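Understanding the architecture of this molecule
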Amino acid sequence: MYRLAFIGFGVVGQGLAEILLEKKNVLKDCYGFEYLVVAVSDFNKGSAYSPDGLDLSTLLELAKQNKISEYPGARTGLDALNTIKETNADIVLEATYTDIETGEPAYSHFKAALESGKHLVTTNKGPTTLFFRELSDLAAKKDVRFLFEGTVLSGTPALNLCHLCLAGNDVTEIRGILNGTTNFILTNMEKGKSYEEALKEAQELGYAEAKPDADVEGWDALAKVVILAKSVMGADIGVGDVDRSGITGIKLQDIEQAKKEGKRWKLIGKVTKEGGSVRASVRPEKVELTDPLASVGGATNALTFVTDLMGEVTIVGAGAGKKETGFSLLSDLLSIHRMS
Ligand code: HSE
């Protein structure tokens, strides 16, 4: 029986909570996975802790009204760090907001979880991008897992594909569409919409980051590129090593011109291994229509892995979404269970 603590209970945390409720019996009967949610701490919604477990339906109801602290009979008032350190959880699920400049406050949450000897499962790109090596070393030292499938392509198994299914291959290049908002904008510009109109629609649909620059200037894709470079290729690269440009310079006439050339604009994130070094970039590219990435439209993401044994392997799937990102946390929970 795994005891879980949610740090951050927004869309992603609630997405996992709904899945855990819906699949409780399947998880137990098919995978032997049983859980107890012992704590939730959310900056806006409040916190609740009960060492014997909290009821997920009640938590989801209270979360809607930002009243988790009114959970009957639970200990309340614990902040994120105290929830991590003082509760009896053995797995911490970190899904607070991403800050790509400092990684905080999630970085402190990550360190506290690992230092307390708790497994850490996260969708948070900030600390994973900035402090990957340090956090991986700390997890190894404490003999706990640090898993972050949801940081790249949400629950579409991009990292697990490499670490499990393609294990034994030398992955020499990874390239693809790592940001749904920009792909949605480019796809809609092809249909004749203006950049502004398409961005507004992406924001309304909930794909876009809180600050539009994170998507349209390529920062979100950059974070994912760095995570891929570090975790798949073992590269020692930082945010400043990535050659980055976004899609703000692409005009409707550029889209029309590409069409005439039998091509399509995509914001491509790329990591290439050559000799002992790794190069990484995020920039708009005109992709040939025969490239599998060209047919990936809307908010969908895709990655092509260039490998020595399998040639090119492309995976296409969701890069965001409540259920999809919630599922990424479940897939990491099941990985911990398989490794236990
Ligand atoms: N804003 C991101 C995107 C969300 O558009 O892909 C997932 O990281």
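Residues numbered from 1 in each chain as written. Predicted model: local features only at pLDDT ≥ 70, side-chain atom pairs only at ≥ 80, totals over all residues. Heavy atoms only, no water.

On a plain count of helices and strands, the protein comes out with 14 helices and twelve strands. Expected size for 340 residues packed as a compact globule is a radius of gyration near 20 Å; at 20 Å, the protein falls within 12% of this value. Summarising its shape, the C-alpha atoms of the protein cover approximately 65 × 45 × 40 Å along the three principal directions. When each of the 340 residues of the protein is scored for burial, the buried share is 55%. Taking all contacts inside the protein whose residues are at least 6 apart in sequence as the whole, residues at least 24 apart take part in 69%. (Helix = DSSP H or I, 4+ residues; strand = E, 2+ residues; numbered from the N terminus. Rg over C-alpha atoms; globule rule 2.2 N^0.38 Å. Buried < 20%, exposed > 50% of the residue type's maximum accessible area, 1.4 Å probe, protein only. Contact = heavy atoms within 4.5 Å.)

Another aspect to go through is the nonpolar core. Counting 61 residues, the largest nonpolar core has Phe 146, Val 152, Leu 303 and Phe 305 as the members making the most contacts within it. In terms of residue count, helix α12 (residues 219-233) provides more of this core than any other element does, nine residues in total. Three or more residues apiece are contributed to this core by two domains, here domain 1 (2-155 + 322-338) and domain 2 (160-318). Each residue touching Leu 303, except ones within four places of it in the same chain, is listed here: Val 152, Leu 153, Ala 158, Ile 174, Arg 175, Gly 176, Leu 178, Leu 228, Leu 293, Val 313, Thr 314 and Ile 315. (Core = buried A, V, L, I, M, F, W, Y, C linked by side-chain atoms within 4.5 Å. Domains from an automatic or database assignment.)

Two elements in contact, helix α9 (residues 180-190) and helix α13 (residues 252-260), have axes whose closest approach is 9 Å; the angle formed by their N-to-C orientations is 75 degrees. The orientation of α9 with respect to α13, classified from their angle, is roughly perpendicular. Between α9, through Leu 186, Met 189 and Glu 190, and α13, the contact on the second element is made entirely by Leu 252, Ile 255 and Lys 259. Tallied by class, residues from the contact of α9 with α13 come to four nonpolar, no polar and two charged. (Axes fitted to C-alpha atoms, helices over the stretch in contact; angles between N-to-C directions. Parallel < 35°, antiparallel > 145°, perpendicular 65-115°, else oblique. Nonpolar A, V, L, I, M, F, W, Y, C, P; charged D, E, K, R; others polar.)

What follows deals with the pattern of salt bridges. The full count for this structure, using the stated rule, is 21 salt bridges. With its nearest N and O atoms 2.4 Å apart, the salt bridge here joins Arg 283 to Asp 243. Pair noted here: Arg 283 is in strand β10 (residues 277-288) and Asp 243 is in strand β8 (residues 243-244), with a separation of 40 residues, a long-range link. Since its relative accessible area comes to 42%, Asp 243 is described here as partly exposed. By sharing partners, the salt bridges in this structure join Arg 175, Lys 270, Glu 285 and Asp 291 into a single network. (Salt bridge = Lys/Arg side-chain N within 4 Å of Asp/Glu carboxyl O.)

It is worth spelling out the state of the cysteines at this point. Inspection of the entire model under this criterion finds zero disulfides. No disulfide involves Cys 162; its nearest neighbouring cysteine sulfur is the one of Cys 165, lying 9.1 Å away. Exposure remark for Cys 162: the relative accessible area of 7% places this residue in the buried category. Residue classification places Cys 165 among the exposed positions, given a relative accessible area of 59%. (Disulfide = S-S within 2.5 Å.)

Looking now at the site of the ligand. Contacts to the ligand come from Lys 125, Asn 179, Gly 180, Thr 181, Tyr 207, Glu 209, Asp 215, Asp 220, Lys 224, Gly 319 and Ala 320. A distance of 2.9 Å is found between an oxygen atom of the ligand and a side-chain nitrogen or oxygen belonging to Lys 224. For the ligand, the accessible surface in isolation is 260 Å², of which the surrounding protein chains cover 91%. Breaking the shell around the ligand down by element, the ones donating at least two residues are α9 and α12. Residue composition of the shell around the ligand, by class: two nonpolar, four polar and five charged. (Near = heavy atom within 4 Å. Polar contact = N/O pair within 3.5 Å; in protein donor to acceptor, adjacent residues only side chain to side chain. Areas by Shrake-Rupley, 256 points an atom, 1.4 Å probe, with all protein chains shown as cover.)

Before going further, it helps to examine the sheet that holds strand β1 (residues 2-7). With respect to topology, six strands assemble into an open sheet ordered β3-β2-β1-β4-β5-β6, the strand pairing being mixed. Each edge of the sheet is formed by a strand with only one pairing partner; in this case those strands are β3 (46-49) and β6 (146-147). Sheet topology note: the strand β4 (residues 91-94)/strand β5 (residues 119-122) ladder contains four bridges and is parallel. Looking at the pairing, Val 92 lines up with Leu 120 of β5. Against the sheet, helix α14 (residues 322-339) contacts β1, β4, β5 and β6, and its axis sits at roughly 155 degrees relative to β5. (Pairing = 2+ DSSP bridges.)

Right, let's talk about the packing of aromatic side chains for a bit. Taken as a whole and judged by the stated rule, the model has nine aromatic pairs. Here the aromatic rings of Phe 132 and Phe 146 are separated by 6.4 Å at their centres, their planes lie at 45 degrees, and the arrangement is tilted. With Phe 132 in helix α7 (residues 132-142) and Phe 146 in strand β6, the pair connects residues that are 14 residues apart, well separated along the chain. The buried category is assigned to Phe 132, whose relative accessible area is 8%. Taking 4.9 Å as the distance between ring centres and 50 degrees as the angle between the ring planes, the aromatic pair formed by Phe 146 and Phe 148 counts as tilted. Just as Phe 146 is buried, Phe 148 falls in that class too. (Phe/Tyr/Trp six-rings, centres within 6.5 Å; stacked < 30°, edge-to-face > 60°.)

As a further point, take the pairing of strand β2 (residues 35-42). Among the eight residues of β2, seven are classified as buried, and the element is accordingly described as predominantly covered. As defined by bridge partners, β1 adjoins β2 across six bridges and the pair is classed as parallel. Paired with Ile 7 across the strands is Ser 41, a residue of β2. By the bridge criterion, four bridges tie β2 to β3 in an arrangement that is antiparallel.

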